[in-house]
Amino acid sequence: MAASKLQAFLNHPAGPKTIHFWAPTFKWGISIANIADFAKPPEKLSYPQQIAVTATGLIWSRYSTVITPVSFVFQKQKNWNLFSVNVAMAGTGIYQLSRKLRQDYFPEKEETVAKE
Amino acid sequence: MNALRSFWNSPIGPKTTHFWGPTFNWSLPIAAAIDTQKPPEAISGNMTTVMCLYSGIFMRFAWVVKPRNIHLMICHMSNETVQLYQLSRWIRAQRGTELKKEEADE
């Protein structure tokens, strides 16, 4: 039972023998890198980059529900791996943006006191 | 005119999501191009390294996906170029700070 399920996965048109598997797998790296950067102070974050990551993640979440891995024959087999990675990308991007915006436009009270 | 019409009706043309996905993806190399004017301390080593791997893989993905998406491929080629440049700036800055630390220690 398990062996045949494993085989079904291995031979899936969006499975690990194809670029359709490895491309989204590497895309997870973007969200993981962003999560690692949660520890960075917001001054070191880049607005253009985080806006790009968020926008791309959102748009590709939509895109990934319509592209087909191999051909029109497999139209019903959507690429959920690609979908979830883009949702995660948008999520981490939004969080990073909120951290930077919060620091730039809603600074902590101690900072405003120090400036005066 | 014919070229315009064939673009308009293309399977990766502006009536399809296969056009708008890559269009939004251009925001990544454009953002990185903006960041080339910033000091290297603003570069994230994590993110830039990952972007280099990601665009490398996606150039191949854009080639094999159906329909073949040259627009996406060109977008990722551009991103690869600018991310590699940013990575080189970051590495150079890292080495610079390491050398300064060594000098301070001496």
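This is a predicted model, so every value here is computed, not measured.

1. Things to note about the overall build of chain B
Then step 1. When helices and strands are tallied, chain B shows five helices and zero strands.
Then step 2. When the helices and strands of chain B are listed from N to C terminus, the series reads α-α-α-α-α.
Then step 3. A compact globule built from 106 residues should have a C-alpha radius of gyration of about 13 Å, whereas chain B, at 19 Å, is more than 25% larger.
Then step 4. In terms of principal-axis extent, the alpha carbons of chain B reach across some 70 × 25 × 15 Å.
Then step 5. Residues counted as buried form 42% of the 106 residues belonging to chain B.

2. Structural notes on the packing of aromatic side chains
Then step 1. Enumeration over the complete set of coordinates arrives at six aromatic pairs over all chains.
Then step 2. Ring plane angle 80° and centroid distance 6.4 Å describe the contact between Trp60(A) and Phe58(B), whose orientation is recorded as edge-to-face. A residue pair is termed interchain when its members come from two chains, as with Trp60(A) in helix H3 (residues 47-63) and Phe58(B) in helix H4 (residues 45-64).
Then step 3. Where Phe19(B) meets Trp20(B), the ring centres are 4.9 Å apart and the plane angle is 85°; that geometry is what we call edge-to-face.
Then step 4. A residue is classified by how much of its surface remains accessible, and Phe19(B), at 16% relative accessible area, is buried.

3. Concerning the pattern of salt bridges
Then step 1. Scanning all chains against the criterion turns up one salt bridge over all chains.
Then step 2. Of the charged contacts, one joins Lys38(B) and Asp35(B) as a salt bridge, the two residues approaching to 3.2 Å between their closest N and O atoms.

4. Thoughts on the confidence of the model for chain A
Then step 1. Residues at a pLDDT of 70 or more form 82% of chain A, whose mean pLDDT is 81.
Then step 2. In this model, residues 70-76 of chain A is a region of pLDDT below 50 whose contacts with residues beyond four sequence positions or in other chains number four contacts.

5. Re the interface of chain B and chain A
Then step 1. Every contact between the two is made by 33 residues of chain B and, on the other side, 32 residues of chain A.
Then step 2. Summing the contributions of chain B and of chain A, the shared interface buries around 2,800 Å²; its carbon and sulfur component is 70%.
Then step 3. Considering only the side of chain B, the residues that lose the most area to chain A are Met47(B), Ile57(B) and Phe61(B), jointly responsible for 20% of the buried surface there.
Then step 4. On inspection of chain B and its partner chain A, the count reaches zero salt bridges.
Then step 5. Our count for the chain B to chain A interface comes out at six residue pairs in polar contact (both at pLDDT 80 or more).
Then step 6. Secondary structure elements with two or more residues in the side of chain B that touches chain A: helix H2 (17-25), helix H3 (27-35) and H4 of chain B.
Then step 7. Ranked by residues supplied to the side of chain B that touches chain A, first place goes to H4(B) with twelve residues.

6. Quick notes on the state of the cysteines
All names here are of chain B.
Then step 1. As enumerated under the stated definition, the model contains zero disulfides over all chains in all.
Then step 2. Free cysteine Cys-52: the closest other cysteine sulfur is in Cys-75, separated by 14 Å.
Then step 3. By relative accessible area, Cys-52 is classed as buried at 10%.

7. A look at a nonpolar patch on the surface
Residues and elements named next belong to chain B.
Then step 1. Where nonpolar side chains cluster on the molecular surface, the patch consists of Trp-63, Ile-70, Ile-74 and Met-77 and spans about 340 Å² of accessible area.
Then step 2. Here the nonpolar patch takes three residues from helix H5 (residues 70-105), the largest share from any one element.
Then step 3. Secondary-structure assignment places Met-77 in helix H5.
Then step 4. On the basis of relative accessible area, Met-77 is assigned to the partly exposed category, the value being 40%.

Rules used in this analysis
- Residues numbered from 1 in each chain as written.
- Chains lettered and ligands numbered in written order.
- Predicted model: local features only at pLDDT ≥ 70, side-chain atom pairs only at ≥ 80, totals over all residues.
- Heavy atoms only, no water.
- Helix = DSSP H or I, 4+ residues; strand = E, 2+ residues; numbered from the N terminus.
- Rg over C-alpha atoms; globule rule 2.2 N^0.38 Å.
- Buried < 20%, exposed > 50% of the residue type's maximum accessible area, 1.4 Å probe, protein only.
- Phe/Tyr/Trp six-rings, centres within 6.5 Å; stacked < 30°, edge-to-face > 60°.
- Salt bridge = Lys/Arg side-chain N within 4 Å of Asp/Glu carboxyl O.
- pLDDT = per-residue confidence, 0-100.
- Contact = heavy atoms within 4.5 Å.
- Buried area = accessible area lost by both parts, 1.4 Å probe.
- Polar contact = N/O pair within 3.5 Å; in protein donor to acceptor, adjacent residues only side chain to side chain.
- Disulfide = S-S within 2.5 Å.
- Patch = residues over 30% accessible without salt bridge, like charges linked within 9 Å, V, L, I, M, F, W, Y side chains within 5 Å.
- Areas by Shrake-Rupley, 256 points an atom, 1.4 Å probe, with all protein chains shown as cover.

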